[in-house]
Amino acid sequence: QGLSLTSKGDDVAPGTAFRTGHVINNDEQETQKAHFISVMALEDNTVVNFGDFKNNVVFHNTPTTGGTSDPISVTLNAGESYVIATHMDENMTVPNDVNGTLVTSDKDIVVNCGSWLAGNDPGGKRDIGVDQLVPVGAVSTEYAFIAGQGNAANERALVVATEDGTSGYLWYLKSE
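Residues numbered from 1 in each chain as written. Predicted model: local features only at pLDDT ≥ 70, side-chain atom pairs only at ≥ 80, totals over all residues. Heavy atoms only, no water.

*Asks:* Explain the overall build of the protein chain to me, using residue names and the numbers behind them.
*Replies:* A tally of regular secondary structure across the protein chain gives zero helices and nine strands. Counted from the first residue to the last, the protein chain has its helices and strands arranged as β-β-β-β-β-β-β-β-β. Within the span of the protein chain, comprising 176 residues, buried residues form 35% of the whole. Residue pairs at least 24 apart in sequence account for 79% of intrachain contacts in the protein chain once pairs closer than 6 positions are excluded. About 10,700 Å² of surface is accessible on the protein chain, with carbon and sulfur atoms providing 49% of the total. (Helix = DSSP H or I, 4+ residues; strand = E, 2+ residues; numbered from the N terminus. Buried < 20%, exposed > 50% of the residue type's maximum accessible area, 1.4 Å probe, protein only. Contact = heavy atoms within 4.5 Å. Areas by Shrake-Rupley, 256 points an atom, 1.4 Å probe, with all protein chains shown as cover.)

*Asks:* Explain the packing of aromatic side chains to me, and be specific about the residues and the numbers.
*Replies:* On inspection of all chains with the given rule, the structure shows one aromatic pair. Between Phe 50 and Tyr 82, the aromatic rings sit 6.1 Å apart at their centres with planes inclined by 40 degrees, giving tilted as the arrangement. One end of the pair, Phe 50, is in strand E3 (residues 46-51); the other, Tyr 82, is in strand E7 (residues 81-87), and 32 residues separate them in sequence. On the basis of relative accessibility, which here comes to 1%, the residue Phe 50 falls in the buried class. (Phe/Tyr/Trp six-rings, centres within 6.5 Å; stacked < 30°, edge-to-face > 60°.)

*Asks:* A description of the pairing of strand E6 (residues 72-76) should follow, citing residues and the corresponding values.
*Replies:* Regular strands place their side chains on alternate faces of the sheet. Side chains Ile 72, Val 74 and Leu 76 of E6 all project onto a buried face; the interleaved residues Ser 73 and Thr 75 project onto a face where none is buried. Across five bridges, the pairing between E3 and E6 is antiparallel. Residue Asn 49 lies in a different strand from E6, and its bridge partner there is Ser 73. (Pairing = 2+ DSSP bridges.)

And the structure:
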């Protein structure tokens, strides 16, 4: 497996509110799959919060209560990073509940998120997916998706709403 990450740049990447998106998974070979969220502070004494995730998501080495994740809060100095990760094991009854996790901070941060050995193919094929996020305020309202030639189970676009009541529309263009 290999991956590459393209930085969004100094003008777009920093912000204080982000929603994460991760590769869609089935529950096959779950012990080999994981999701992660990585943040880096740009200023000293930056408070970062992770929350608004489903109750059955348990992040490794973080406080838990009754099998559910409590909101996670850390304070970082400029250049420091913090990573949370969840492994697809008996702790997650639905392997996609980490999608839409809200990451907020009191000062600008940059955020990367992704999935390790993830996939939805019933044949067990897996891949790595990672991206640098843009803040909620920089999210656009129109996107163009281009299908690859891979298996339809894995070639999927993921749209994460940043507000309640968001509607989505899909126009499908078929080439002749």
